[in-house]
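# Summary of structural features
So you can see what is in the structure, the chains are spelled out below.
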Amino acid sequence: MILPSLDRDLEPAELRRLVAEYARREDLWRHLVHHDPEARTYEQIERNEHVGVWLLCWMKDHDTGFHDHDLSAGAVAVVGGQIREDRLRVGAPPTTRVVDSGGVFTFAASDIHRVLHAGTEPSVTIHAYSPPLWRMGAYEIGAGGQLHRHSVSYAEELRPLEEVA
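Residues numbered from 1 in each chain as written. Predicted model: local features only at pLDDT ≥ 70, side-chain atom pairs only at ≥ 80, totals over all residues. Heavy atoms only, no water.

Counting residues in each nonpolar core, the largest one holds 19 residues, and the members touching the most others are Trp29 and Ile126. Once residues within four sequence positions are removed from consideration, Trp29 is found in contact with Tyr22, Ala23, Ile45, Leu55, Val79, Val124 and Ile126. Within the second largest apolar cluster, 15 residues are counted, among which are Leu56, Trp58, Val78 and Tyr129. (Core = buried A, V, L, I, M, F, W, Y, C linked by side-chain atoms within 4.5 Å. Buried < 20%, exposed > 50% of the residue type's maximum accessible area, 1.4 Å probe, protein only. Contact = heavy atoms within 4.5 Å.)

Shown next as structure tokens:
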């Protein structure tokens, strides 16, 4: 495997380089690619005390909903297809970008974003989190615009939460 042997958590630029390196090393993850139209599939590729690396497979209508990564910063490399990232902003619509195969983006632990499938073909992404994921915050926006955070385990699949009545 290729995780760095550091005795500290990784910085955003290091996470970016790490997912780019994994993207180039298909021998480490290609056998894990499996698409399911009902839900994203995900497999942990590697983990140590400072970083966790995951492979995620996306299809039409797959959507994480708005979430944060609690204490973990991260980077995502798109290795097949396209995904869309929306970042939540106060007093304005979310910022939106579509990331094509070959693209990489990073996020801070405190960023509230959602990631969803884009395009017409299935997508594959590689994610690195440092420190490794333990908990995440899933958000729902109430009818009056209130933002509600729900703490979820990293082992739970993120999905959009129902609106609070």
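What follows concerns the sheet that holds strand S7 (residues 104–107). Strand order in the open sheet formed by five strands is S1-S2-S9-S4-S7, and the pairing between neighbours is antiparallel. Two strands lie at the open edges of the sheet, namely strand S1 (41–47) and S7, each paired on one side alone. Adjacent strand axes in the sheet meet at a mean angle of 20°, parallel and antiparallel pairs treated alike. With seven bridges joining them, strand S2 (residues 52–58) and strand S9 (residues 123–130) adopt antiparallel strand pairing. Bridging from a neighbouring strand, Trp54 pairs with His127 of S9. (Pairing = 2+ DSSP bridges. Helix = DSSP H or I, 4+ residues; strand = E, 2+ residues; numbered from the N terminus. Axes fitted to C-alpha atoms, helices over the stretch in contact; angles between N-to-C directions.)

With that settled, the discussion passes to a negative patch on the surface. The grouping of Asp7, Asp9, Glu11 and Glu49 at the surface amounts to a negative patch. Within the fold, Asp7 resides in the segment before helix H1 (12–24). You can call Asp7 exposed: its relative accessible area is 72%. (Patch = residues over 30% accessible without salt bridge, like charges linked within 9 Å, V, L, I, M, F, W, Y side chains within 5 Å. Areas by Shrake-Rupley, 256 points an atom, 1.4 Å probe, with all protein chains shown as cover. Salt bridge = Lys/Arg side-chain N within 4 Å of Asp/Glu carboxyl O. Lys, Arg positive; Asp, Glu negative; His and termini not counted. Charge placed at Lys NZ, Arg CZ, Asp CG, Glu CD.)

This next bit is on the packing of aromatic side chains. In this structure the tally under the stated criterion is two aromatic pairs. Taking 6.1 Å as the distance between ring centres and 55° as the angle between the ring planes, the aromatic pair formed by Tyr42 and Trp54 counts as tilted. Taken together, the positions of Tyr42 in strand S1 and Trp54 in strand S2 put the pair 12 residues apart, joining distant regions of the chain. Relative accessible area serves as the criterion here: at 27%, Tyr42 is assigned to the partly exposed category. Under the relative-accessibility criterion, Trp54 is labelled buried at 10%. (Phe/Tyr/Trp six-rings, centres within 6.5 Å; stacked < 30°, edge-to-face > 60°.)

Inspection of the entire model under this criterion finds 12 salt bridges. The shortest N-O distance in the salt bridge between Arg24 and Glu21 comes to 3.0 Å. On the criterion of helical spacing, the pair formed by Arg24 and Glu21 is a turn pair, its members being three residues apart in helix H1. Residue Glu85 is joined to Arg87 by a salt bridge in which the shortest nitrogen-to-oxygen separation is 2.8 Å. For the pair Glu85 and Arg87, one class covers both residues: buried. Through salt bridges that share partners, Asp63, Arg84, Asp86 and Arg114 make up one connected network.

Overall, the prediction assigns the protein a mean pLDDT of 90, with 92% of residues at 70 or greater. No element of the protein has a lower mean pLDDT than strand S11 (residues 147–153), at 86, and none a higher one than strand S4 (residues 73–80), at 98. (pLDDT = per-residue confidence, 0-100.)

Of the two faces of S7, only the one carrying Phe105 and Phe107 is buried; Val104 and Thr106 on the other face are not. The pairing of S4 with S7 spans four bridges and is antiparallel. Each residue of the ladder has a partner; that of Gly74, found in S7, is Phe107.

Quick look at the environment of Asp100 now. The residue Asp100 is located in strand S6 (residues 92–100) in this model. It is 22 Å that separates the C-alpha atoms of Asp100 and Asp68, two residues lying 32 residues apart in sequence.

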